[in-house]
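Read off the chains here:
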Amino acid sequence: MQRCVPLFLAIVSLLFAGIACGRPSPFLNSNATTPQPVEKHLSAFRPIQGTDYMIADISGNPDDERADASPFSWVERGYSGYSGYEIYNYVFFGSETETFNRLLPSNEHVVLQIVGFPSGAPTDKPEDFEPIQWWLFVLAKSDTDKNGILNYQDKLTIGVTDVGGNSPTELIPDIDSVLGHTLKDNNILFVIYHSLDKNYVAKIDLPGRQVLSTNEIELGDDVK
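Residues numbered from 1 in each chain as written. Predicted model: local features only at pLDDT ≥ 70, side-chain atom pairs only at ≥ 80, totals over all residues. Heavy atoms only, no water.

It is not clear to me how the pairing of strand β10 (residues 177-184) should be interpreted in this structure. Could you clarify?
In summary, the side chains of a regular strand alternate between the two faces of the sheet. Relative to strand β11 (residues 188-195), β10 is paired through seven bridges, and the arrangement is antiparallel. Of the residues in β11, the one forming a bridge with Leu183 is Leu189. (Pairing = 2+ DSSP bridges. Helix = DSSP H or I, 4+ residues; strand = E, 2+ residues; numbered from the N terminus.)

Shown next as structure tokens:
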């Protein structure tokens, strides 16, 4: 029994030393990697220039810090443009139809990015302006790297929808990273991505919400 006392005192000393130094003790269970419930908020709606639609997001941001942001820079930056607040959904309102659409049926996943095509960026000449017609969205749906958060380190899923969020369709799962995208004739989208140590280019029919073809990019066995 006397031998147990020094051991007990040593353990207690380690516990207090860890707390004092701001480090978790190896003897304490940590919930750092356990996702915690988030109170989600609807942001202010912003007009999508040249259309009858407005767009807002659902995020963990307690304050609407984005109310005065440019809708174009706001969309282009996507998830990475905000102060660490995940975006769980987007909401669209159509003034002509007087209806709301949600990008996702629930608010359980994280929308890492949403990109408009054409870009809808302001132009010097009004006749050159092209409003957004389509959205490409990038989702993190599952914590595949087991770090407790949904982000770009997880397997990604990409999908498309029209400017008003009608018929959103997830198209390509299990993506490691999106390497680029470009629009052709306002209805074909090419997406280049990396998955399972290989690189691919997918040809997407935007009106049909379907992948027309997927081709591997042959760059040699020494290129991942």
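Can you walk me through the nonpolar core in this structure?
Burial of nonpolar side chains together is a common tendency in soluble globular proteins. One finds Leu136, Ile158, Ile172, Leu189, Val191, Tyr193 and Ile204 to be the most contacted residues of the largest nonpolar core, which totals 23 residues. Of all the secondary-structure elements, those providing two or more residues to this core are β6 (110-117), β7 (134-140), β8 (156-162), β9 (169-175), β11 and β12 (198-205). Sequence-distant contacts of Leu136, that is, excluding residues within four places in its chain, are made with Gln113, Ile114, Val115, Phe117, Ile158, Gly159, Val160, His181, Leu189 and Val191. Ranked by size, the runner-up nonpolar core spans 14 residues in total, among them Ile48, Ile87, Ile114 and Leu139. (Core = buried A, V, L, I, M, F, W, Y, C linked by side-chain atoms within 4.5 Å. Buried < 20%, exposed > 50% of the residue type's maximum accessible area, 1.4 Å probe, protein only. Contact = heavy atoms within 4.5 Å.)

Just to check I follow, could you spell out the pattern of salt bridges for this structure?
A side chain with one charge may pair with a side chain of the opposite charge, provided their charged atoms come close. One pass over the structure, following the stated rule, counts three salt bridges. In this structure, Arg209 engages Asp162 in a salt bridge whose closest nitrogen and oxygen atoms are separated by 3.8 Å. Pair noted here: Arg209 is in the loop between β12 and β13 (210-216) and Asp162 is in strand β8, with a separation of 47 residues, a long-range link. Residue Arg209 is classed as buried on the basis of its relative accessible area, which comes to 15%. (Salt bridge = Lys/Arg side-chain N within 4 Å of Asp/Glu carboxyl O.)

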